[in-house]
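Reading the structure
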Amino acid sequence: MGPSGSGKSVVGAVLAERLGVAFIDADDLHPAGNVAKMAAGTPLDDSDRMPWLDIVADALASAPEGAVVACSALARRYRQRILEGAPDAVFVELRVSPGELARRMSTRQHFMPPALLASQLQALEHLDDDEPGVVVDNDRAPHDVVTEVTRALDARRRAQR
């Protein structure tokens with residue numbers, strides 16, 4: 001989870017490969033209207049996001065072996081919506097500085113224009129300690145970030161025993 005440009009797709013794909021589970025990019029699950037709205041430079045609102053988050057939760061719940069889903073899940077209420085449909089979900093927040101997010105967004109082809117970064121950062125509610133998940137800085141090579149993610153997830157599992 002994290003704003004556009006935080007590396008969710010790249011890190012998520014590497015993590016899924018390492019864990020031997022499916023990778024799903026939640027961007028691919030957006031209804032066409034959401035994509036058109038974002039491509040036009042209009043931020044999504046909750047009436048756009050909630051049905052999409054239900055699709056994301058269904059995708060997770062339908063993966064019997066587990067899956068890694070790259071999804072912004074910017075606000076706590078969005079993560080809660082996912083957990084309602086996929087109660088075993090665990091979040092990995094990828095933290096990246098706003099300047100680096102802007103740089104990344106300006107150098108890629110994506111339906112989310114860099115102009116929407118400010119709205120993403122405004123909506124972002126960092127993962128709280130009482131939410132299921134871990135926080136990792138995404139400021140290194142993807143394989144190094146995934147190594148830290150797997151260590152943090154393992155430590156979380158051990159602490160819950």
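Read on for an overview of the structure.

1. Details of the side chain of Glu 93
- Residue placement: Glu 93 occurs in strand 3 (residues 91-95).
- At 2.8 Å, the side chain of Glu 93 forms a polar contact with the backbone nitrogen of Leu 127.
- When residues no more than four places from it in sequence are discounted, the contact partners of Glu 93 are Met 1, Leu 124, His 126, Leu 127, Val 134, Val 135 and Val 136.

2. Re unusual backbone geometry
- If you check the backbone angles, Ala 73 has positive phi at about 40 degrees while not being a glycine.
- As for its position among the elements, Ala 73 is in the loop between strand 2 (67-70) and helix 4 (76-85).
- Ala 73 gets classed as buried once you look at its relative accessible area, which sits at 1%.

3. Some thoughts on the pattern of salt bridges
- The final tally for this structure, using the stated rule, is 13 salt bridges.
- The partner of Asp 128 in a salt bridge is Arg 76, with the nearest N and O atoms 2.9 Å apart. In this pair, Asp 128 sits in the loop between helix 6 (117-123) and strand 4 (133-137) while Arg 76 sits in helix 4, placing the two residues 52 residues apart along the sequence.
- On the accessibility criterion, Asp 128 (38% relative accessible area) is partly exposed.

4. Description of the environment of Val 35
- In this fold, Val 35 is placed in helix 2 (residues 32-39).
- On a C-alpha basis, the gap between Val 35 and Ala 155 in space is 37 Å, while along the polypeptide they are 120 residues apart.

5. Some points on the nonpolar core
- Within the largest apolar cluster, 21 residues are counted, with the highest numbers of intra-cluster contacts made by Leu 53, Val 56, Cys 71, Ile 82 and Phe 91.
- Counting only elements with at least two residues in this core, the list comes to helix 3 (46-61) and helix 4.
- The biggest single contributor to this core is helix 3, with 5 residues.
- Among the nonpolar cores identified, the runner-up in size contains 13 residues, and Ala 16, Val 134, Val 136 and Val 146 belong to it.

6. As for helix 7 (residues 142-160)
- For helix 7, spanning 19 residues, the distance from its first C-alpha to its last is 27 Å, which sits close to the expected 27 Å at 1.5 Å a residue.
- Check the buried side of helix 7 and you find it contacts helix 1 (8-19), strand 3 and strand 4.

The rules behind the values
Residues numbered from 1 in each chain as written. Predicted model: local features only at pLDDT ≥ 70, side-chain atom pairs only at ≥ 80, totals over all residues. Heavy atoms only, no water. Helix = DSSP H or I, 4+ residues; strand = E, 2+ residues; numbered from the N terminus. Polar contact = N/O pair within 3.5 Å; in protein donor to acceptor, adjacent residues only side chain to side chain. Contact = heavy atoms within 4.5 Å. Buried < 20%, exposed > 50% of the residue type's maximum accessible area, 1.4 Å probe, protein only. Salt bridge = Lys/Arg side-chain N within 4 Å of Asp/Glu carboxyl O. Core = buried A, V, L, I, M, F, W, Y, C linked by side-chain atoms within 4.5 Å. Expected span 1.5 Å × (residues − 1).

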